[in-house]
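Next come the chains, spelled out residue by residue.
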Amino acid sequence: MSEMLQDMVAIVTGGSRGIGREICLTLAEAGADIVINFIDDEDEAKDLVREINELGRKAVLVEGSVAEAATAQTLVETAIENFGRVDILVNNAGITRDNLMLRLKEEDWDAVLNTNLKGIYLCSKAVLKTMMKQHFGRIINIASVVGLTGNAGQANYAAAKAGVIGLTKSLAREVASRQVLVNAVAPGYIETKMTENLPQAIKDDLMQRIPLNRLGKPKDVANVVAFLASPAASYITGQTIVVDGGMVMQ
Ligand code: NDP
């Protein structure tokens, strides 16, 4: 993977921890400079900037919610001001607000749809003009296997993630002629803060359903994102790559 993305410029949303953090580090190891978006934890985000600098790459921070159009705009302006271009957008920011439908509050429906789906619309729209002018761009959306299978207690999350897959295919068709490639990665169970509080019984049940017999790590997802961003993936668009240890096979 080393140097496959030499001097490319990437924006990673929700990059301060978990999968997003590992994506930032993996893209930087491959030679990219990074604009990192986060919403709450500035200390964690600053640590990540230091780690990226130690890898010999540059990184800048943009605080704000991807559900706000102003954040999307600032992300692109920051990339252009600091690095002069945007080659890669990784739409990674995501949240859960789980509940069975009968108890699911409207505000939890809205929060999940706004961050996980509208955020991708806003950020993708904001980078498109630049990428289309460049005749080069890679947009990589982090979906979930739940968007393919559904999951009791996650109607909001599953609807958003299924929406991400539909958005990915539609946008891929719109911008392919400009060499802007749009793909999704659908992780299964990955060990991060998002999943750390799942009850042990659910974790045990998941393990039974994973043929590779282990939970996923952020690096498992980050490696696929780096591949999709690289020249090696230049004939792939509109796809959803499942990274789940074989749990969901279609
Ligand atoms: P984490 O909860 O560990 O990290 C989420 C990141 O998103 C944080 O950096 C957080 O910022 C940021 N974030 C949350 N809301 C917003 C917002 N409105 N605007 C900008 N940033 C925001 O999650 P994961 O790393 O586990 O998940 C990353 C992605 O992968 C998500 O899209 C998730 O749905 C998806 N995914 C995860 C799976 C898993 O098993 N973990 C499985 C399938 C998909 P801050 O730290 O500042 O709060």
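Residues numbered from 1 in each chain as written. Predicted model: local features only at pLDDT ≥ 70, side-chain atom pairs only at ≥ 80, totals over all residues. Heavy atoms only, no water.

(A) Structural view of the overall build of the protein. Helix and strand counts for the protein stand at eight helices and seven strands. Overall, the protein is about 50 × 40 × 35 Å in size when its C-alpha atoms are taken along their principal axes. Contacts in the protein between residues far apart in sequence, at least 24 positions, make up 76% of those at least 6 positions apart. Accessible surface for the protein amounts to roughly 12,000 Å². Of this, 49% is attributable to carbon and sulfur atoms. Averaging the locations of the 25 positively and 30 negatively charged side chains of the protein gives two centres separated by 6 Å. (Helix = DSSP H or I, 4+ residues; strand = E, 2+ residues; numbered from the N terminus. Contact = heavy atoms within 4.5 Å. Areas by Shrake-Rupley, 256 points an atom, 1.4 Å probe, with all protein chains shown as cover. Lys, Arg positive; Asp, Glu negative; His and termini not counted. Charge placed at Lys NZ, Arg CZ, Asp CG, Glu CD.)

(B) Examining the sheet that holds strand β6 (residues 180–187) more closely. Pairing is parallel across the open sheet formed by seven strands, whose spatial order is β3-β2-β1-β4-β5-β6-β7. Strand pairing shows two members of the sheet lacking a second neighbour, β3 (59–63) and β7 (240–243), which therefore form its edges. Strand-to-strand, the axes of this sheet are offset by a mean angle of 20 degrees, without reference to chain direction. Both strand β5 (residues 137–142) and β6 contribute to a ladder of six bridges, which runs parallel. (Pairing = 2+ DSSP bridges. Axes fitted to C-alpha atoms, helices over the stretch in contact; angles between N-to-C directions.)

(C) Region of the structure containing the site of the ligand. Surveying the vicinity of the ligand reveals 31 residues, the closest of which are R17, D40, N92, Y157 and T192. One of the side-chain N or O atoms of R17 is found 2.7 Å from an oxygen atom in the ligand. One of the side-chain N or O atoms of K161 is found 3.0 Å from an oxygen atom in the ligand. Its free accessible area being 910 Å², the ligand has 95% of it covered by the protein chains. When contributions to the shell around the ligand are tallied by element, the ones reaching two or more residues are α1 (18–29), β2 (33–38) and α6 (155–175). (Near = heavy atom within 4 Å. Polar contact = N/O pair within 3.5 Å; in protein donor to acceptor, adjacent residues only side chain to side chain.)

(D) Structural view of the nonpolar core. Grouped together as the largest cluster of nonpolar side chains are 33 residues, with contacts concentrated most on I23, L27, I34, I52 and V185. The set of elements that each furnish at least two residues to this core consists of β1 (9–12), α1, β2, α2 (42–54), β4 (88–91), β5 and α8 (218–229). Take this core: its biggest share by element is seven residues, from α8. Residues within four places of I52 in sequence aside, it is in contact with C24, L25, A28, I34, I36, R57, K58 and A59. (Core = buried A, V, L, I, M, F, W, Y, C linked by side-chain atoms within 4.5 Å. Buried < 20%, exposed > 50% of the residue type's maximum accessible area, 1.4 Å probe, protein only.)

(E) Highlighting the pairing of β5. The buried fraction of β5 amounts to six of the six residues, a majority that puts the element mostly inside the structure. Neither face of β5 is left uncovered, since the one carrying G137, I139 and N141 and the one carrying R138, I140 and I142 both have all their residues buried. Alignment of β4 against β5, held across four bridges, turns out to be parallel. Looking across to β5, one finds that V90 is bridged to I140. Each parallel crossover has a hand, and for β4 linked through helix α4 (residues 106–134) to β5 it is right-handed. (Right-handed = clockwise from strand over helix to strand, strands pointing away.)

Note that all results are geometric; they support no functional claim without further evidence.
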